[in-house]
Amino acid sequence: MILVPLLNHLVYPYLKRQNLSPSAFTRMMMGFSLAGLSLCCAILIAVYTRTKTDYTHNPIHMSYFHKEDGTNYTTYLVRDMSIFDLVPQILFISLSEVFAIIASMEFVYVEAPVFMKSFSMGFYFVIQALGDSIAILLVLCTKLVTDGLPSKYGHWICNNLNDGPLANYFILLMVLLVANMLALYHHSNNFNPNKVYHYRYMPDGR
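Keep in mind the model is a prediction, meaning the values are calculated, not measured.

Reading the values: rules and limits
- Residues numbered from 1 in each chain as written.
- Predicted model: local features only at pLDDT ≥ 70, side-chain atom pairs only at ≥ 80, totals over all residues.
- Heavy atoms only, no water.
- Helix = DSSP H or I, 4+ residues; strand = E, 2+ residues; numbered from the N terminus.
- Expected span 1.5 Å × (residues − 1).
- Buried < 20%, exposed > 50% of the residue type's maximum accessible area, 1.4 Å probe, protein only.
- Contact = heavy atoms within 4.5 Å.
- Core = buried A, V, L, I, M, F, W, Y, C linked by side-chain atoms within 4.5 Å.
- Patch = residues over 30% accessible without salt bridge, like charges linked within 9 Å, V, L, I, M, F, W, Y side chains within 5 Å.
- Areas by Shrake-Rupley, 256 points an atom, 1.4 Å probe, with all protein chains shown as cover.
- Salt bridge = Lys/Arg side-chain N within 4 Å of Asp/Glu carboxyl O.
- Axes fitted to C-alpha atoms, helices over the stretch in contact; angles between N-to-C directions.
- Left-handed = near helix turned anticlockwise from the far one by under 90°.
- Nonpolar A, V, L, I, M, F, W, Y, C, P; charged D, E, K, R; others polar.
- Phe/Tyr/Trp six-rings, centres within 6.5 Å; stacked < 30°, edge-to-face > 60°.

> Give me the lowdown on helix α4 (residues 117-146), citing residues and values where you can.
The terminal C-alpha atoms of α4, which comprises 30 residues, lie 43 Å apart, in line with the 44 Å expected from a rise of 1.5 Å per residue. For α4, every residue scored as buried is listed here: K117, S120, M121, Y124, T142 and T146. Where the residues of α4 are buried, they touch α3 (87-111) and α5 (166-189).

> Summarise the nonpolar core; cite the residues concerned and give the values.
Ranked by size, the top nonpolar core spans 22 residues in total, and within it M28, F32, L166, Y169, F170 and L177 carry the most contacts. At the level of secondary structure, the elements contributing two or more residues to this core comprise α2 (24-50), α3 and α5. Tallying contributions element by element places α2 first for this core, with nine residues. Excluding residues that lie within four positions of it along the chain, M28 makes contacts with F99, A100, A103, S104, F107 and L184. Counting residues in hydrophobic clusters, the runner-up holds six residues, among them L7, L34, L95 and F99.

> I'd love a proper account of a nonpolar patch on the surface, names of residues and values included.
Residues F115, M116, F119, F123, V126, I127 and L130 make up a contiguous nonpolar surface patch of roughly 740 Å² in combined accessible area. You can see F119 is positioned in helix α4. Its relative accessible area of 55% is what places F119 among the exposed residues.

> Describe the packing of α3 against α4, listing the residues and the values that go with them.
Across the interface, α3 lies against α4 with an axial gap of 8 Å and an inter-helix angle of 145 degrees. You can see that α3 and α4 cross each other, and the crossing is right-handed. On α4, the residues that touch I101, S104, M105, V108, Y109 and V110 of α3 are K117, S120, M121, Y124, F125 and Q128. When grouped by side-chain class, the residues that make up the contact of α3 with α4 number eight nonpolar, three polar and one charged.

> Explain the packing of aromatic side chains to me, using residue names and the numbers behind them.
Under the defined criterion, the tally for this structure stands at six aromatic pairs. When the ring of F119 is compared with that of F123, the centres are 6.3 Å apart and the planes differ by 15 degrees; the resulting orientation is stacked. Residue F119 and its partner F123 are both found in helix α4; the two are separated by four residues, about one turn of the helix. For F123, a relative accessible area of 47% corresponds to the partly exposed category.

> Describe in detail the pattern of salt bridges, supporting the description with residues and values.
Oppositely charged side chains may form a pair once their charged atoms are brought near each other. Counted under the stated rule, the structure contains two salt bridges. Between E106 and R27 there is a salt bridge, with the nearest N and O atoms lying 2.5 Å from each other. Here the residue E106 occupies a position in helix α3, and R27 occupies one in helix α2, the gap between them amounting to 79 residues. D147 is paired through a salt bridge with K143; the nearest N and O atoms lie 3.5 Å apart. Accessibility expressed as a relative area gives 28% for D147, which makes it partly exposed. In this structure K143 comes out as partly exposed when scored by relative accessible area, which is 32%.

This is the structure:
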């Protein structure tokens, strides 16, 4: 929430004064790039948590976690990590949404004809909802497919995240993200903006 007014009232007006106002496509690409950095951080965390370390020789890096299951206790050997290790990926994905989501909403509103702006925005949110549904299906399909692979390569998504190579799933998301960025770059080069309602930055960032 802090980032949106910061960009609208400080960053974008400054860029406009310098004649460097980024287009909607540019901001969307920036958002996708930041999402890629977030995925890189997630991959590193996933790999780190799966790295085998001898507890005897490296006690500071590992800790025992006790989970109560009814009357029985199950002991897991897990990485001793701080919650702050997750801050970079959360920060990058938050910045990604500020750039990509807001820019895409503005793009749809500005490029739509006057008599279709409300319909276009409604359709935009429908597409977003469909995207969320596809994300759920992607998780389910990935789990279904990888559960059928040999144990060495399969089970990417497990109930206990320490049991599966979750980094592989993040790599899959990275591949899909790069494909999406290439498609956006291709279409942006062949796009003719609405000349009547062409997008221009206002001092308040609208």
